[in-house]
Amino acid sequence: MERNGDEHVETVERAMVAIRRSQTRRNLARLAAARRTTGSGADQETAAIAAPGGGAEILDVIEEAEEGGDAATVSSVAAALNIDQPRASKLVAAAVTAGLVRREADQADGRRALLVRTPAGRRVSARIHAFRQEMYAEAMRDWPAADRAEFARLLAGFVESLGTITR
């Protein structure tokens, strides 16, 4: 393995690979299934969405677009997930069928369909956020508050800087 000589950069690179592996749909689905205690419909819904082929990634992309004042489309989903258009179309279609997303005609361009989360999609997004945050809180439960705050600040800054060079 070629090294760049900066042990901190190497440590970050290894950590990022470990994070990516731990955040796969398969791992998240396994964790969601293991943590289900009540067997409620909401728990089953979260596990199903986190499962391979589930809609969590689609909902994340659409939510990010909504929060940024943009409109999500199949093309923007494909670009955000780094997948081809036919695969994105299939994932979006599954989310539509599941009632998590609806297509709306673009008033400015009738050829485009905009993707919008349904009320059920917003509820699932909230459950997925809560599930992820529960995992992160558990991972940092023994950390002092100041360390959690510093980590949050540094990680957010790192992600912002990384985003400027990967866009």
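As shown above, the structure is provided for reference.
All figures in this text were calculated on a predicted structure; none of them were measured in a lab.

Enquirer: Sorry if this is basic, but what is going on with the overall build of the protein here?
Expert: Assigned secondary structure in the protein consists of 8 helices and 2 strands. When the helices and strands of the protein are placed in sequence order, the string is α-α-α-α-α-α-β-β-α-α. Here the protein, with 167 residues, has 27% of them falling under the buried criterion. Looking at the protein alone, contacts between residues at least 24 apart form 45% of all its contacts between residues at least 6 apart. Counting every atom, the protein has about 11,000 Å² of accessible surface; 54% of that belongs to carbon and sulfur.

Enquirer: Just checking my understanding: could you explain the nonpolar core for this structure?
Expert: If you look at soluble globular proteins, the nonpolar side chains tend to sit buried side by side. Formed by 20 residues in total, the largest nonpolar core has its most connected members in Ile58, Ile62, Val77, Val92, Leu100, Val101 and Leu115. Looking at this core, the elements with two or more residues in it are helix H4 (56-67), helix H5 (74-81), helix H6 (85-97) and helix H7 (119-139). Of the residues forming this core, the biggest block, 6 residues, is contributed by H4. Apart from the residues within four sequence positions on either side, Val101 is in contact with Ile58, Leu59, Ile62, Ala95, Val96, Leu115, Val116, Arg117 and Thr118.

Enquirer: Before we go on, may I ask you to explain H6 in this structure?
Expert: Every α-helical turn comprises 3.6 residues, leaving residues that sit three or four positions apart pointing alike. In a regular helix each residue adds 1.5 Å, so 13 residues correspond to 18 Å; H6 covers 18 Å between its end C-alpha atoms and thus fits that length. Tucked into the core, H6 has its buried residues touching H4, H5, strand S1 (101-105) and strand S2 (113-117). Structurally, the start of H6 carries an N-cap: the backbone nitrogen of Arg87 is 2.8 Å from a side-chain oxygen of Asp84. Residue Gly99 follows H6 closely and has a positive phi angle near 80 degrees.

Enquirer: How should the side chain of Arg117 be read in this particular structure?
Expert: Assignment of secondary structure puts Arg117 in strand S2. Of note is the side chain of Arg117, whose polar atom sits 3.1 Å from the side chain of Ser125. Not counting residues up to four positions away in its chain, the partners in contact with Arg117 are Leu59, Ile62, Glu63, Glu66, Leu100, Val101, Arg102, Arg122 and Ser125.

Enquirer: Honestly, the pattern of salt bridges in this entry has me stumped. Any pointers?
Expert: Between side chains of opposite charge, a pair can form when the charged atoms approach closely. Per the stated rule, a full pass over the model turns up 8 salt bridges. Arg117 is the salt-bridge partner of Glu63, the closest N and O atoms lying 3.8 Å from each other. Of the two residues, Glu63 is situated in helix H4 and Arg117 in strand S2; the sequence distance between them amounts to 54 residues. Each member of the pair Glu63 and Arg117 is classed as buried. For Arg111, the salt bridge goes to Asp109, with nearest N and O atoms at 3.0 Å. Under the relative-accessibility criterion, Arg111 is labelled exposed at 77%.

Enquirer: In this structure, what is going on with the packing of H4 against H5? I would like to understand it.
Expert: The relative placement of two packed helices comes down to the angle between their axes together with the axis-to-axis distance. Remark: H4 packs on H5, axes separated minimally by 10 Å, with the N-to-C direction vectors making an angle of 110 degrees. Classified by the angle their axes make, H4 and H5 are roughly perpendicular. From H4, Glu57, Ile58 and Val61 reach across to H5, where they touch Ser76, Val77, Ala80 and Leu81. For the contact of H4 with H5, the class distribution of residues is 5 nonpolar, 1 polar and 1 charged.

Enquirer: Would you explain the packing of aromatic side chains in this entry?
Expert: Aromatic ring pairs are reported here in terms of the distance separating the ring centres and the angle at which the planes meet. Considering all chains together, one arrives at 1 aromatic pair under this definition. Plain terms: the ring middles of Trp143 and Phe151 are 5.4 Å apart, the flat faces sit at 80 degrees to each other, and that makes the pair edge-to-face. The partly exposed category is assigned to Trp143, whose relative accessible area is 34%.

Cut-offs used in this document
- Residues numbered from 1 in each chain as written.
- Predicted model: local features only at pLDDT ≥ 70, side-chain atom pairs only at ≥ 80, totals over all residues.
- Heavy atoms only, no water.
- Helix = DSSP H or I, 4+ residues; strand = E, 2+ residues; numbered from the N terminus.
- Buried < 20%, exposed > 50% of the residue type's maximum accessible area, 1.4 Å probe, protein only.
- Contact = heavy atoms within 4.5 Å.
- Areas by Shrake-Rupley, 256 points an atom, 1.4 Å probe, with all protein chains shown as cover.
- Core = buried A, V, L, I, M, F, W, Y, C linked by side-chain atoms within 4.5 Å.
- Expected span 1.5 Å × (residues − 1).
- Polar contact = N/O pair within 3.5 Å; in protein donor to acceptor, adjacent residues only side chain to side chain.
- Salt bridge = Lys/Arg side-chain N within 4 Å of Asp/Glu carboxyl O.
- Axes fitted to C-alpha atoms, helices over the stretch in contact; angles between N-to-C directions.
- Parallel < 35°, antiparallel > 145°, perpendicular 65-115°, else oblique.
- Nonpolar A, V, L, I, M, F, W, Y, C, P; charged D, E, K, R; others polar.
- Phe/Tyr/Trp six-rings, centres within 6.5 Å; stacked < 30°, edge-to-face > 60°.

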